[in-house]
Amino acid sequence: MRPRVVYVHGNGNKVRSELLKSQWDTALFGRDMAGASRMAYWAPVRYPAPLPDFRPDPLDGRAELIEELPAAPDRAGAEPPEEFVARTLGEARLEAGEIGLEGRAGADESALVDWLRDMTYLADTLAQAGEREEPGAELPLEALPMPRSGRTAVFRLLVKHAFKDVHAYFFGGAGPAMREVVKETLAGVDGGPLVVIGHSLGTIIAYEVLMEQGREVELLVTVGSPLAISEVQDHLARPPAVPGGVAAWHNASDLRDLVALDHTLRPEYAPQERVTDLLVTNDSSNHHGISEYLSQHDVRAPVQRIFDGTG
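Assigned secondary structure in the chain consists of 10 helices and six strands. Looking at the chain as a whole, 54% of its 311 residues are labelled buried. Look at the contacts in the chain between residues 6 or more apart in sequence, and 78% of them connect residues 24 or more apart. With the model as given, the accessible surface of the chain reaches about 13,100 Å², and the carbon-plus-sulfur share is 51%.

Dropping the structure here:
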């Protein structure tokens, strides 16, 4: 039987499922894959209606959205990172309560707050470094090509929205419903080699489902994943390991992707010989965009070999 691929999308609201699947297909294969691919579309768990067709995704690094962002104030008048962290956490709690997803809170949140703090400080550090950069010089971690205030606004938007869904998954009671979407999608795939591809928070959801099910998977691909971050690992249902049914796991990230933050899964997920960590260049405006990840040769080639029968 022919191979199948199941996608698990990441943080934030998305366009309708069929369009999102086609966009991922096009980025990965260059064409719509029809019934050979499926999208585990969990966005309705968190959002009442999809984004309008072709609207820029604020978490996908689209230049159109970034151009519309208001400039952040100069550093002298900017909100201190610690206050931003506290405010964002408070908004995440409030949002979870408004949609009936109250869950565990309190001391258990402290580890995940450390992740949010790290992301925020790194964003501000990159922005400041870009301000000091001399014309023609290159930073080890390239900052966004815009004024520092604009870069800070973009990164903080990424952090704020990414964190809300992660918070809802681990602490807001939304995790079981998100995982159920992935389980139902996998249940509809019979026979043939299976490839599972997750992005951002979708990598956590896919990983935990595969750990629970032991489903045979020819290739697991994670891109822009926070699974290497110790504060995230602390909240996984099971200790970090390669899911039993996964024959090979490829994890790709850009060094400038704040959601990934830590870029090596291999040291923590045994057996290590099944895990390959890949550093790629994601030139979306926030270095987290899914289309730019899926279009990378190191991400596409192993998947295409399976579909060509040569993997």
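Moving on, we come to the packing of aromatic side chains. All chains considered together, the criterion is met by seven aromatic pairs. Through pairs of rings, three or more aromatic residues link up here, namely Tyr169, Phe170 and Phe171. For the cation-ring pair, Arg46 lies above Tyr47, with the distance from its terminal atom to the ring centre recorded as 5.8 Å.

This paragraph deals with the sheet that holds strand S1 (residues 4-8). Sheet architecture is open: six strands sit in the order S2-S1-S3-S4-S5-S6, paired in parallel fashion. Each end of this open sheet is capped by a strand with a single partner; those strands are strand S2 (37-40) and strand S6 (275-279). For this sheet, the mean inter-axis angle between neighbouring strands, taken without regard to orientation, is 15 degrees. As paired strands, S1 and strand S3 (residues 194-199) are joined by five bridges and run parallel to one another. Along S3, the bridge assignment pairs Val6 with Val196. Across the sheet, helix H10 (residues 297-308) touches S1, S3, strand S4 (219-223), strand S5 (249-253) and S6, and the angle it forms with S4 is around 160 degrees.

Another point: the nonpolar core. In terms of nonpolar packing, the biggest core is built from 38 residues, with Trp249 and Tyr269 touching the most fellow members. Counting only elements with at least two residues in this core, the list comes to S1, helix H5 (148-170), helix H6 (175-187), S3 and helix H7 (201-213). Here this core gets eight residues from one element, more than from any other, and that element is H7. Core analysis: the second largest hydrophobic core is formed by 31 residues, Val15, Ala36, Leu278 and Tyr293 among them.

A separate point is the pattern of salt bridges. Tallied over the entire structure, the rule returns eight salt bridges. The partner of Asp254 in a salt bridge is Arg256, and the shortest N-O contact between them spans 2.7 Å. Neither residue differs from the other here; Asp254 and Arg256 are each classed as buried. With a shortest N-O distance of 3.2 Å, Asp283 and Arg256 are connected by a salt bridge. Of this pair, Asp283 sits in the loop between S6 and helix H9 (290-294) while Arg256 sits in the loop between S5 and S6, and the two are 27 residues apart along the sequence. Asp283 gets classed as exposed once you look at its relative accessible area, which sits at 57%. With relative accessibility at 8%, the residue Arg256 sits in the buried group.

End to end, H7 covers 19 Å across 13 residues, agreeing with the expected 18 Å (1.5 Å per residue, within 8%). Those residues of H7 lying buried are Leu201, Gly202, Thr203, Ile204, Ile205, Ala206, Tyr207, Glu208, Val209, Leu210 and Met211. Phi for Gly214, located one or two positions after H7, is positive at around 70 degrees.

On to the packing of helix H1 (residues 17-29) against H10, then. When two helices pack together, their arrangement is given by the angle between the helix axes and by the axis-to-axis distance. Direction vectors running N to C along H1 and H10 enclose 95 degrees, while the axes themselves pass 10 Å from each other. Viewed along their axes, H1 and H10 adopt a mutual orientation that is roughly perpendicular. Here H1 contributes Ala27, Leu28 and Phe29 to the contact with H10, which in turn contributes Arg300, Val303, Gln304 and Phe307. Class assignment for the residues of the contact of H1 with H10 results in five nonpolar, one polar and one charged.

The next point concerns H1. With 13 residues, H1 should reach 18 Å at 1.5 Å per residue; the first-to-last C-alpha distance of 18 Å fits that figure. Regarding H1, the residues found buried are Leu19, Leu20, Lys21, Trp24, Asp25, Ala27, Leu28 and Phe29. Turning to H1, the residues buried within the fold contact S1, S2, S3, H9 and H10. In the stretch just after H1, Gly30 is the one whose phi turns positive, near 85 degrees.

What follows deals with the environment of Asp283. Sequence separation between Asp283 and Arg256 is 27 residues; the distance between their C-alpha atoms is 9.5 Å. At 3.2 Å, the side chain of Asp283 and the side chain of Arg256 are in polar contact.

Attention shifts here to the pairing of S3. Burial of S3 is extensive: six of the six residues sit out of reach of the surface. Bridge count between S3 and S4: five bridges; the pairing is parallel. Across the sheet, Val195 pairs through a bridge with Leu219, a residue of S4. As for the winding sense of the linkage, the β-α-β connection from S3 through H7 to S4 is right-handed.

Analysis parameters
- Residues numbered from 1 in each chain as written.
- Predicted model: local features only at pLDDT ≥ 70, side-chain atom pairs only at ≥ 80, totals over all residues.
- Heavy atoms only, no water.
- Helix = DSSP H or I, 4+ residues; strand = E, 2+ residues; numbered from the N terminus.
- Buried < 20%, exposed > 50% of the residue type's maximum accessible area, 1.4 Å probe, protein only.
- Contact = heavy atoms within 4.5 Å.
- Areas by Shrake-Rupley, 256 points an atom, 1.4 Å probe, with all protein chains shown as cover.
- Phe/Tyr/Trp six-rings, centres within 6.5 Å; stacked < 30°, edge-to-face > 60°.
- Lys NZ or Arg CZ within 6 Å of the ring centre and 35° of its normal.
- Pairing = 2+ DSSP bridges.
- Axes fitted to C-alpha atoms, helices over the stretch in contact; angles between N-to-C directions.
- Core = buried A, V, L, I, M, F, W, Y, C linked by side-chain atoms within 4.5 Å.
- Salt bridge = Lys/Arg side-chain N within 4 Å of Asp/Glu carboxyl O.
- Expected span 1.5 Å × (residues − 1).
- Parallel < 35°, antiparallel > 145°, perpendicular 65-115°, else oblique.
- Nonpolar A, V, L, I, M, F, W, Y, C, P; charged D, E, K, R; others polar.
- Polar contact = N/O pair within 3.5 Å; in protein donor to acceptor, adjacent residues only side chain to side chain.
- Right-handed = clockwise from strand over helix to strand, strands pointing away.

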